[in-house]
Amino acid sequence: MVVSLQGPVICPAVWSKPFGVYTPPANALFPRERLHRNDIWGCRGLTDGKNKSRALFGQLKLPKCRTTVQCSFSSSSDGNESRAENFNENDKKYVDSSVLEAVEVWSGADGFVVKMRDGRHIRCVHNNPQGAHLADYAPHPAIVLKMEDGSGLLLPIIVLEMPSVLLMAAVRNVQIARPTMYQVVKDMIDKMGYQVKLVRVTKRVHEAYFAQLYLTKVGDESEPVIFDLRPSDAINIAVRCKVSIQVNRYLAYTDGMRVIESGKPSMQSPASDGLLFIEQDRPSGQPCLDTEEFSMVCKLNEAINQERYKDAADLRDKLRKFRAQRKLRKYT
């Protein structure tokens, strides 16, 4: 378990007693000398056999200071769960956001483009003129959050295709035949007597965003439990649990995009949800090349064991030809 505490610490003026640091040499000049300890600094001076104290340093005066100290406490827990004693869901450091029905995003010389599910193309520019230059990249699945503080800023988060597709399914209430991982997590939270309070996109480290999932026990919200998650996973859970998705305000204004042009919806109907959310863990209807190759190898071994060498030679040639064609198909 990892717990982070943050708070102001006041350092008043401190007058030290005479103190010093002493390291006895190998052949000490004063063998009967000993160190006197001070509760704050550790050592304050030298005392010889006649109890005469000789301070090595004078008084040290420290000015008043006010600073913020962060302390981290860790335990042997292997998880990434922590507890927040002073959690505030109305923290001004965060802004509420909503999920746009975006399909993909890309960046080019003419700016940043978000392709919506209805076929629109939204052109954007970086909100922060001092922000880092976005490298050009091809269209990629993404989750796009819109800030709900009146600024209209968009925060695109590049994700894998499956989390993006499953998020659109949750947004549009598309029923999937078998439960997804996110639905299973939601059910587990409910069964354990907890509820999802909210989700926050907290920070960016290099090119990766981080998010946190806040849980509270049903009937007792005094000790929220926090889990670190990928934004794609946290947002999927938040949409299914119908809770707020908040974004670090500083992050939203430094990494966010301003919309400069929103195209009209495409006349073509969007892709069918049934095509997007096809069943997994089932045959595709296409011949399995691995199975076909395995069958040929089994027949070849059987012919060799039965000393049918002519058949074995034919199967060997057939297997070589099959593998050559498969390799050629792979790289073309």
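Treat the numbers as computed from the prediction; the structure is a model and nothing was measured.

*Asks:* Report on helix 6 (residues 289-305), specifying residues and quantitative values.
*Replies:* A rise of 1.5 Å per residue sets the reference length of helix 6, with its 17 residues, at 24 Å; its end C-alpha atoms lie 25 Å apart and thus fit the reference within 8%. Along helix 6, the residues that are buried comprise Glu293, Met296, Leu300 and Ala303. Each buried residue of helix 6 lies within a common arc of 85° when the element is viewed along its axis, so the set occupies one face. In helix 6, the exposed residues that point more than 90 degrees away from the buried face are Phe294 and Asn305.

*Asks:* Talk me through the packing of helix 1 (residues 161-171) against helix 3 (residues 231-241); I want residue IDs and the actual numbers.
*Replies:* For the pair helix 1 and helix 3, the least separation of the axes is 9 Å and the interaxial angle reads 15°. With respect to each other, helix 1 and helix 3 are oriented roughly parallel. Seen along the crossing, helix 1 lies across helix 3 with a hand that is left-handed. Between helix 1 and helix 3, the residues in contact are Pro163, Leu166, Leu167, Ala170 and Val171 and Ser232, Ile235, Asn236, Val239 and Arg240, respectively. A class-by-class count of the residues in the contact of helix 1 with helix 3 yields seven nonpolar, two polar and one charged.

*Asks:* Explain unusual backbone geometry residue by residue, including any values.
*Replies:* For histidine 206, which is not a glycine, the phi torsion comes out positive at approximately 60°. Of note, histidine 206 is situated in the loop between strand 15 (194-205) and strand 16 (208-217). Overall, the relative accessible area of 68% leaves histidine 206 in the exposed class. Residue lysine 242 is not a glycine yet carries a positive backbone phi of 55°. Tracing the backbone shows lysine 242 in the loop between helix 3 and strand 18 (244-248). Relative accessible area serves as the criterion here: at 70%, lysine 242 is assigned to the exposed category.

*Asks:* Requested: an account of a nonpolar patch on the surface, with residues and values cited.
*Replies:* On the surface, a nonpolar cluster with roughly 290 Å² of combined accessible area is contributed by Val184, Met188 and Met192. Take valine 184: it is sitting in helix 2 (residues 181-191). Judged by its relative accessible area of 36%, valine 184 is partly exposed.

*Asks:* Summarise the packing of aromatic side chains; cite the residues concerned and give the values.
*Replies:* Taken as a whole and assessed by the stated rule, the structure comprises zero aromatic pairs. Above the face of the tyrosine 214 ring, arginine 200 is positioned so that its terminal group lies 5.2 Å from the ring centre.

*Asks:* Before we move on, can you summarise the confidence of the model for the protein with the specific residues and values?
*Replies:* For the protein, mean pLDDT is 74; residues scoring 70 or higher make up 64% of the total. Confidence drops under pLDDT 50 across residues 1-62; counting only partners more than four residues distant or on other chains, this segment forms 109 contacts.

*Asks:* Got a sec to walk through the pattern of salt bridges? Specific residues and values, please.
*Replies:* Under the counting rule described, the total for this entry stands at 13 salt bridges. Residue lysine 197 is joined to glutamate 89 by a salt bridge in which the shortest nitrogen-to-oxygen separation is 3.6 Å. In this pair, lysine 197 is assigned in strand 15 and glutamate 89 in the loop between strand 8 (81-83) and strand 9 (94-99), connecting sequence segments 108 residues apart. A residue is classified by how much of its surface remains accessible, and glutamate 89, at 35% relative accessible area, is partly exposed. Among the ionic pairs, arginine 120 bridges to aspartate 118, the shortest N-O distance being 3.0 Å. The network of salt bridges with shared partners includes Glu89, Lys197 and Glu221.

*Asks:* Could you give an account of the pairing of strand 9, naming the residues involved and the relevant values?
*Replies:* Of the strand pairs in this sheet, strand 9 and strand 18 are connected by four bridges, and their pairing is antiparallel. Across the sheet, tyrosine 94 pairs through a bridge with asparagine 248, a residue of strand 18. Bridge count between strand 9 and strand 13 (residues 137-147): three bridges; the pairing is antiparallel. When the bridges of strand 13 are listed, serine 97 appears paired with methionine 147.

*Asks:* Give a description of the side chain of aspartate 233 that names residues and reports values.
*Replies:* Considering the arrangement of structural elements, one finds aspartate 233 in helix 3. When neighbours within four sequence positions are excluded, aspartate 233 is seen to be in contact with Met181 and Tyr182.

*Asks:* How would you explain the pairing of strand 16 if you had to name every residue and give the values?
*Replies:* If a strand is regular, its side chains alternate between the two faces of the sheet. The buried count for strand 16 comes to seven of ten residues, which makes it a mostly enclosed element. Summarising the sheet, strand 15 and strand 16 pair through ten bridges and their orientation is antiparallel. Following the sheet pairing, valine 199 is matched in strand 16 by leucine 213. Connecting strand 15 to the antiparallel partner strand 16 that follows it, the hairpin turn spans two residues, and histidine 206 within it adopts a positive phi of roughly 60°. Hairpin connection of strand 16 to strand 17 (residues 220-229): two residues between the antiparallel strands, including glycine 219 at a positive phi of 90°.

*Asks:* Explain the nonpolar core residue by residue, including any values.
*Replies:* Within the largest apolar cluster, 34 residues are counted, with the highest numbers of intra-cluster contacts made by Val99, Leu145, Met147, Val196, Ile235 and Val247. The element that contributes the greatest number of residues to this core is helix 3, accounting for six residues. Ignoring sequence-local partners within four residues, the contact set of valine 247 consists of Lys93, Tyr94, Val95, Ser97, Leu145, Met147, Leu155, Val201 and Ala252. In terms of nonpolar packing, the next biggest core, distinct from the first, is built from twelve residues, Leu100, Ala102, Met116 and Ala142 among them.

Parameters and conventions
Residues numbered from 1 in each chain as written. Predicted model: local features only at pLDDT ≥ 70, side-chain atom pairs only at ≥ 80, totals over all residues. Heavy atoms only, no water. Helix = DSSP H or I, 4+ residues; strand = E, 2+ residues; numbered from the N terminus. Expected span 1.5 Å × (residues − 1). Buried < 20%, exposed > 50% of the residue type's maximum accessible area, 1.4 Å probe, protein only. Arc of directions from axis to C-beta. Axes fitted to C-alpha atoms, helices over the stretch in contact; angles between N-to-C directions. Parallel < 35°, antiparallel > 145°, perpendicular 65-115°, else oblique. Left-handed = near helix turned anticlockwise from the far one by under 90°. Contact = heavy atoms within 4.5 Å. Nonpolar A, V, L, I, M, F, W, Y, C, P; charged D, E, K, R; others polar. Patch = residues over 30% accessible without salt bridge, like charges linked within 9 Å, V, L, I, M, F, W, Y side chains within 5 Å. Areas by Shrake-Rupley, 256 points an atom, 1.4 Å probe, with all protein chains shown as cover. Salt bridge = Lys/Arg side-chain N within 4 Å of Asp/Glu carboxyl O. Phe/Tyr/Trp six-rings, centres within 6.5 Å; stacked < 30°, edge-to-face > 60°. Lys NZ or Arg CZ within 6 Å of the ring centre and 35° of its normal. pLDDT = per-residue confidence, 0-100. Pairing = 2+ DSSP bridges. Core = buried A, V, L, I, M, F, W, Y, C linked by side-chain atoms within 4.5 Å.

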